[in-house]
Amino acid sequence: VARRLAKVGYMAFAPDGLTSVGGYPGDDTKGAAAFRTVDGKKMTEDFVAAALWLKKRPDSKGKLGAVGFCFGGGIVNQLAVRLDSELNAGVAYYGRQPGAADVPKITAPLMLHYGGADTNTNAGIPAFEAALKANNKKYELFIYEGKQHGFHNDTTPRYDAEAAKLSWERSLEFFKKNLK
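In this text, all values refer to a predicted model and were calculated from it rather than measured experimentally. (Residues numbered from 1 in each chain as written. Predicted model: local features only at pLDDT ≥ 70, side-chain atom pairs only at ≥ 80, totals over all residues. Heavy atoms only, no water.)

Trainee: Which residues make up unusual backbone geometry, and what are the values?
Mentor: The phi dihedral of Cys70 is positive, around 60°, even though this residue is not glycine. Take Cys70: it is sitting in the loop between strand E1 (65-69) and helix H4 (71-82). Assessed through its relative accessible area of 38%, Cys70 is described here as partly exposed. Phi is positive for Tyr94, which is not a glycine, with a value near 40°. Mapped onto the secondary structure, Tyr94 falls in the loop between strand E2 (89-93) and strand E3 (110-115). Exposure remark for Tyr94: the relative accessible area of 3% places this residue in the buried category. (Helix = DSSP H or I, 4+ residues; strand = E, 2+ residues; numbered from the N terminus. Buried < 20%, exposed > 50% of the residue type's maximum accessible area, 1.4 Å probe, protein only.)

Encoded structure:
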């Protein structure tokens, strides 16, 4: 994803949430096991620090966007809660939603992508959307009917080329509108 963003004119940084335990081990099963050993609070602080470091680099244009998939989508939502006006746009793919009490802290516009067949992750969407509306937050929500969690990941059988292409085009347009 970082390479794809760089190709269209964005400075991109893709931190590895498993750095503190040796980095991504090369396969999803081992990665899932490694995630269970990570200090979640420290990892969140590392992501916050990485985002602020990127924004404050001398070669930065001063605007910060975040995009994440699955766990990373939840991190994007947490960055929106934590970074206040430091985050200028967030795109979360099938990410865990923050609690309604945290929604007032969000100032960045958000774009949210979910697979319609993902009933587990999607269970939190109604409360999140209600809180976004109640707090007059700028957001766009897209649910890709019949698509699975991970529909954008071309290394799994859940991949859906059409939904991935459409969601990525929407995401790039959203960043163009909010970051350029």
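Once the structure has been displayed, the description carries forward.
Trainee: Outline the packing of helix H3 (residues 40-56) against H4, supporting the account with residue identities and numerical values.
Mentor: A pair of packed helices is captured by two measures, namely the crossing angle of their axes and the spacing between those axes. H4 packs onto H3 with a crossing angle of 70° between their chain directions and a minimal axis gap of 10 Å. Between H3 and H4, the crossing angle belongs to the class labelled roughly perpendicular. Pair H3 / H4 crosses with right-handed handedness. When H3 is examined against H4, the residues Met43, Thr44, Glu45, Phe47, Val48 and Ala51 are found in contact with a partner set consisting of Phe71, Ile75, Leu79 and Arg82. (Axes fitted to C-alpha atoms, helices over the stretch in contact; angles between N-to-C directions. Parallel < 35°, antiparallel > 145°, perpendicular 65-115°, else oblique. Left-handed = near helix turned anticlockwise from the far one by under 90°. Contact = heavy atoms within 4.5 Å.)

Trainee: I'd like to hear about the side chain of Asn178, residue by residue, with values.
Mentor: Mapped onto the elements, Asn178 comes out in helix H7 (residues 161-179). Side-chain polar atoms of Asn178 contact the backbone oxygen of Phe174, separated by 2.9 Å. Leave out the neighbours within four places in its chain, and Asn178 touches Lys63, Asn88, Ala89 and Pro109. (Polar contact = N/O pair within 3.5 Å; in protein donor to acceptor, adjacent residues only side chain to side chain.)

Trainee: Lay out the packing of aromatic side chains with the relevant residues and their values.
Mentor: The final tally for this structure, using the stated rule, is nine aromatic pairs. One aromatic cluster is present, built from ring pairs that chain together Phe69, Tyr93, Tyr94, Tyr144 and Phe151. In this structure, Arg4 packs its charged tip against the face of Trp168, placed 4.4 Å from the ring centre. Across from the ring centre of Tyr10, 4.6 Å away, lies the NZ or CZ of Lys180, which sits over that ring. (Phe/Tyr/Trp six-rings, centres within 6.5 Å; stacked < 30°, edge-to-face > 60°. Lys NZ or Arg CZ within 6 Å of the ring centre and 35° of its normal.)

Trainee: Quick rundown of the pattern of salt bridges? Include the residues and the values.
Mentor: Using the criterion set out here, one finds eight salt bridges in the structure. A salt bridge links Lys147 to Asp160, with the nearest nitrogen and oxygen atoms 3.2 Å apart. Placement of the pair is Lys147 in the loop between strand E4 (139-144) and H7 and Asp160 in the loop between E4 and H7, with a sequence separation of 13 residues. A relative accessible area of 25% means that Lys147 is categorised as partly exposed. (Salt bridge = Lys/Arg side-chain N within 4 Å of Asp/Glu carboxyl O.)

Trainee: Could you give an account of the side chain of Thr156, naming the residues involved and the relevant values?
Mentor: Within the secondary structure, Thr156 sits in the loop between E4 and H7. Here Asn153 takes part through its backbone oxygen, which lies 3.3 Å from a polar atom of the side chain of Thr156.

Trainee: Lay out the nonpolar core with the relevant residues and their values.
Mentor: Core analysis: the biggest nonpolar cluster contains 44 residues, and Leu79, Leu87, Leu110, Leu112 and Phe175 have the highest contact counts within it. Of all the secondary structure elements, the ones that give two or more residues to this core are H3, H4, E2, E3, helix H6 (125-134), E4 and H7. Filtering out sequence-adjacent residues up to four positions away, Leu87 remains in contact with Leu64, Gly65, Ala66, Leu79, Ala80 and Ala108. (Core = buried A, V, L, I, M, F, W, Y, C linked by side-chain atoms within 4.5 Å.)

Trainee: Got a sec to walk through the sheet that holds E1? Specific residues and values, please.
Mentor: The sheet built from four strands is open, its strands ordered E1-E2-E3-E4 with parallel pairing. In this open sheet, the two strands that pair with only one neighbour each are E1 and E4. Ignoring which end each strand starts from, the neighbouring axes of this sheet average 5° apart. Strand direction decides the pairing type here: E2 and E3, joined by four bridges, are parallel. If you follow Ala92 over to E3, its bridge partner there is Leu112. Against the sheet, H4 contacts E1, E2 and E3, and its axis sits at roughly 150° relative to E1. Against the sheet, H7 contacts E1, E2, E3 and E4, and its axis sits at roughly 165° relative to E2. (Pairing = 2+ DSSP bridges.)

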